[in-house]
Amino acid sequence: MTGGRTSRPTLAQIAETAGVSVSTVSKVLNGRDDVSQDTRDKVDSALRSHRYIRRGVSLADPSTRTVDLVLGGLDGSWPASVVSGMEAAAYEAGLHVAISLARAPVATGGQYAPDWVDRVLERGSAGVVLGLTEPTDEQLARLQQAQVPCVVIDPLSDPPLGVPSVGTTNWAGAYEATTHLLERGHERIGLVTGPPHHLFARARIAGYRSAMAAASVDTPPELVRHGTYDRASGRRQVEELLRLPVPPTALFICSDHMAIGGYEALAEAGLEVPRDVSVVGFDDLPEARWVTPPLTTVRQPLKEMGGTALRTLVRLIGGEKLESPRVELATSLVVRGSTRDRH
């Protein structure tokens, strides 16, 4: 007989014994009321037979040294930079990072496939970092009931009370970018930002408008456009701005991916950056250095955001109280070749 530690049963093992899905086991563990009494009894019996004990997590316990990073998507350099920063911090803390995508539930064979919360609970993760996704109140409640702490990177809306978040100084970054264009003699400055309900999109609009107001320059509504942070939407919104009776002489495009799409629209219209139109982006992704001319942009410290989120999560797992639920890292303007003085 060895002195080794008995491994803790997984939710998949419990589900197999009970003859139900993993998501159903998760519902029973979390006290959900949308499970029949007969099914609940089967799950309870399986839990007892496996001697399953729900407990809080501890980083001193080798079975709970995994944390989850849940992302809305993996396309582009944004998630790659966040993953890099989070993984480096996790390595220093002796943790492993599992990556999940926050997909909508899909029905298969009459049952819904497990969502990301089910996967987190099945793995027995010590905690969760969320990026580019908006968890529902029900999902956050399930994590809370299971005593799994979470941290949100760049939340799309105000997180619920008690859920910490890590972001950047979006207002200040937008203010600095707009001021840079104003100081080069531009007044007709078009803004392309994200969906109006996104928290950081609203902050960037406010920073842009504040800089324009400080310079006593009007901001007609037609100069503000909303894209979806991808190249194609950036191209479409810049095409619309160029159709205005008086098109802008400069563009502040609140995503490097959208800015690259804006470059395409300008080239198609026979306009040259920055000779005819100056352009400033937002993010400072690697692509910003690869385009011609290299893009002037607002740098978001994405790797630092990932690392800060992980270290914040470790503090929560350890039972520490945070000084503030919100951490904002500073942005900075990186001036390259896409802006110049207006003639």
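The chain appears in an unreviewed UniProt entry as LacI family DNA-binding transcriptional regulator from Streptomyces himalayensis subsp. aureolus.

Enquirer: When you look at helix α1 (residues 11-18) in this model, what are you seeing that I'm missing?
Expert: For α1, every residue scored as buried is listed here: Leu11, Ile14, Ala15 and Ala18. For α1, the angular spread of buried residues about the axis comes to 100°, placing them on one side. Just downstream of α1, Gly19 is the residue with a positive phi angle, here 70°.

Enquirer: How should I be thinking about helix α4 (residues 77-93) in this particular structure?
Expert: The first and last C-alpha atoms of α4 sit 24 Å apart over 17 residues, in line with the 24 Å expected at 1.5 Å per residue. Within the sequence span of α4, burial applies to Ser77, Trp78, Pro79, Ser81, Val82, Gly85, Met86, Ala89 and Ala90. A positive backbone phi angle near 75° is found at Gly94, which sits one or two residues after α4.

Enquirer: Sorry, what's going on with the nonpolar core here?
Expert: Within soluble globular proteins, side chains that are nonpolar tend to cluster in buried spots. Within the largest apolar cluster, 41 residues are counted, with the highest numbers of intra-cluster contacts made by Leu251, Phe252, Ile253 and Val279. For this core, the elements supplying multiple residues, two or more each, are α7 (170-183), β8 (189-193), α8 (199-214), α9 (231-242), β10 (250-253), α10 (256-268) and β11 (278-283). What Val279 contacts, discounting residues up to four positions off in sequence, is Leu251, Ile253, Ala259, Tyr263, Leu266, Val273, Leu295, Thr296, Ser338 and Thr339.

Enquirer: I tried to follow the pairing of strand β6 (residues 150-153) on my own but got confused; where do I start?
Expert: The two faces of the sheet receive side chains in turn, since in a regular strand these alternate between them. Of the two faces of β6, the one carrying Cys150 and Val152 and the one carrying Val151 and Ile153 are both buried. Here four bridges tie strand β5 (residues 127-131) to β6, and the two strands are oriented parallel to one another. Residue pairing in the sheet places Gly131 in a bridge with Ile153 of β6. As for the winding sense of the linkage, the β-α-β connection from β5 through helix α6 (residues 137-145) to β6 is right-handed. The sheet contact formed by β6 and strand β7 (residues 165-168) spans two bridges and is parallel. If you follow Val152 over to β7, its bridge partner there is Ser165.

Enquirer: Help me understand the sheet that holds strand β1 (residues 66-71), please; the structure alone is not making it clear to me.
Expert: Each strand in a sheet pairs with another by means of backbone hydrogen bonds, the pair being arranged parallel or else antiparallel. Strand order in this open sheet of six strands is β2-β1-β5-β6-β7-β13, and the pairing throughout is parallel. At either end of the open sheet lies a strand with only one pairing partner, and these are β2 (96-101) and β13 (326-329). With strand direction ignored, the average angle separating the axes of adjacent strands in the sheet is 20°. In the sheet, β1 pairs with β5 via five bridges, with the strands oriented parallel. Paired with Asp68 across the bridge in β5 is Val128.

Enquirer: Would you explain the sheet that holds strand β9 (residues 224-226) in this entry?
Expert: Across the sheet, six strands lie side by side as β9-β8-β10-β11-β12-β14; this open sheet has mixed pairing. Only two strands of the sheet have a single partner each, and these edge strands are β9 and β14 (332-334). Looking at each pair of strands side by side, their axes are set apart by 20° on average, direction ignored. Direction of pairing for strand β12 (residues 296-299) relative to β14: antiparallel, over a ladder of three bridges. From the neighbouring strand, Val298 faces β14, where its bridge partner is Leu333.

Definitions and limits used
- Residues numbered from 1 in each chain as written.
- Predicted model: local features only at pLDDT ≥ 70, side-chain atom pairs only at ≥ 80, totals over all residues.
- Heavy atoms only, no water.
- Buried < 20%, exposed > 50% of the residue type's maximum accessible area, 1.4 Å probe, protein only.
- Helix = DSSP H or I, 4+ residues; strand = E, 2+ residues; numbered from the N terminus.
- Arc of directions from axis to C-beta.
- Expected span 1.5 Å × (residues − 1).
- Core = buried A, V, L, I, M, F, W, Y, C linked by side-chain atoms within 4.5 Å.
- Contact = heavy atoms within 4.5 Å.
- Pairing = 2+ DSSP bridges.
- Right-handed = clockwise from strand over helix to strand, strands pointing away.
- Axes fitted to C-alpha atoms, helices over the stretch in contact; angles between N-to-C directions.

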